[in-house]
Amino acid sequence: MNEKQFKGYIMPLHKTLFAYALAILHDESDAADCLQDAFTKLWENRSRLEEVDNIAAYATVTVRHMALSMASRSRHSVSPFGDDPPDIADSSPSPDEEAEGKDNLAAVTKCLKALPENQRKVVMMSAVTGLSNSEISSATGLSDDNVRVLLSRGRKKIRQLFSLHK
């Protein structure tokens, strides 16, 4: 893959990939760093990209791995407060609320697993990473209408299955 092809295939994904990194890292500066590192890695491995069927998906996975790696490293960094954390009011949920939350999470996870693969993928990209329909369309290669229908059907099925859980 030459520079012109790289600019034509990879660079238009910038906004989508940035949004994806931001959803994982929750910091614009870190997301920008992640994206820069991902583009560098993609450029260094551009000879392999000619063999890839879905370049947008490949780039998305590359950003995901790099963002998760960055997030993991930042969790293990030294606290700015030293050994003494600041005094913060306890706003943690009660044991009952925590148990209900775990039950709901398990139920939603079960509902997601019951979805067909394409619906599950689109719902996860929308709900977890916060990507828009057009960004999901770019990343998956599906049409905007197909993404909209998959999201609608997936959400409807999750509501139905979740209401049976209650």
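> Any chance you could break down the overall build of the protein for me, citing the residues and the numbers?
Of regular secondary structure, the protein possesses nine helices and zero strands. When the helices and strands of the protein are placed in sequence order, the string is α-α-α-α-α-α-α-α-α. In the protein, which comprises 166 residues, the share counted as buried stands at 30%. With an accessible surface of roughly 11,200 Å², the protein has 51% of that area assigned to carbon and sulfur atoms.

> Describe helix α8 (residues 133-140), with residues and values.
Listed as buried for α8 are E135, I136, S137, A139 and T140. Phi turns positive, to about 85°, at G141, one or two residues after α8.

> Could you give an account of the packing of helix α2 (residues 14-25) against α8, naming the residues involved and the relevant values?
Closest axis-to-axis distance for the α2/α8 pair is 10 Å, and the angle between their directions is 105°. By the angle class used here, α2 and α8 are roughly perpendicular. Seen from α2, the contacting residues are K15, T16 and A19; seen from α8, they are E135, S138 and A139. Tallied by class, the residues present in the contact of α2 with α8 amount to two nonpolar, two polar and two charged.

> Explain the packing of aromatic side chains to me, and be specific about the residues and the numbers.
Applying the stated rule across the entire model yields one aromatic pair. Between F6 and W43, the ring centres sit 5.1 Å apart and the planes meet at 80°, which makes this aromatic pair edge-to-face. Linking F6 in helix α1 (residues 3-9) with W43 in helix α3 (residues 28-44), this pair joins segments that are 37 residues apart in sequence. The lysine or arginine in question, R46, covers the ring of W43, its NZ or CZ lying 3.9 Å from the ring centre.

> Break down unusual backbone geometry for me, with residues and values.
Positive phi values are uncommon outside glycine, yet H26 reaches one of about 60°. By the element assignment, H26 lies in the loop between α2 and α3.

> Lay out the side chain of T60 in plain terms, naming residues and giving numbers.
Structurally, T60 can be placed in helix α5 (residues 55-75). Overall, the relative accessible area of 10% leaves T60 in the buried class. A polar contact of 2.7 Å, which involves the side chain of T60, links it to the backbone oxygen of A56. The contact partners of T60, leaving out residues within four places of it in the chain, are L17, Y20 and A139.

> Which residues make up the packing of helix α7 (residues 117-127) against α8, and what are the values?
Put simply, α7 and α8 touch, their axes get as near as 10 Å, and they point 130° apart. When the interaxial angle is binned, α7 and α8 end up oblique. For the pair α7 and α8, the crossing hand works out as right-handed. Residue-level inspection shows K121, V122, M125 and S126 of α7 in contact with α8, the latter providing I136, A139 and T140. In terms of residue class, the contact of α7 with α8 is made up of four nonpolar, two polar and one charged.

> Describe the environment of M125, with residues and values.
Following the sequence through the fold, M125 ends up in helix α7. Those residues in contact with M125 that lie beyond four places of it in its chain are G130, L131, I136, A139 and T140.

> So what's going on with the side chain of Q119? Which residues, and what values?
By the secondary structure assignment, Q119 is in helix α7. For Q119, the contacting residues outside a window of four places in its chain are L150, R153 and G154.

The rules behind these values
- Residues numbered from 1 in each chain as written.
- Predicted model: local features only at pLDDT ≥ 70, side-chain atom pairs only at ≥ 80, totals over all residues.
- Heavy atoms only, no water.
- Helix = DSSP H or I, 4+ residues; strand = E, 2+ residues; numbered from the N terminus.
- Buried < 20%, exposed > 50% of the residue type's maximum accessible area, 1.4 Å probe, protein only.
- Areas by Shrake-Rupley, 256 points an atom, 1.4 Å probe, with all protein chains shown as cover.
- Axes fitted to C-alpha atoms, helices over the stretch in contact; angles between N-to-C directions.
- Parallel < 35°, antiparallel > 145°, perpendicular 65-115°, else oblique.
- Contact = heavy atoms within 4.5 Å.
- Nonpolar A, V, L, I, M, F, W, Y, C, P; charged D, E, K, R; others polar.
- Phe/Tyr/Trp six-rings, centres within 6.5 Å; stacked < 30°, edge-to-face > 60°.
- Lys NZ or Arg CZ within 6 Å of the ring centre and 35° of its normal.
- Polar contact = N/O pair within 3.5 Å; in protein donor to acceptor, adjacent residues only side chain to side chain.
- Left-handed = near helix turned anticlockwise from the far one by under 90°.

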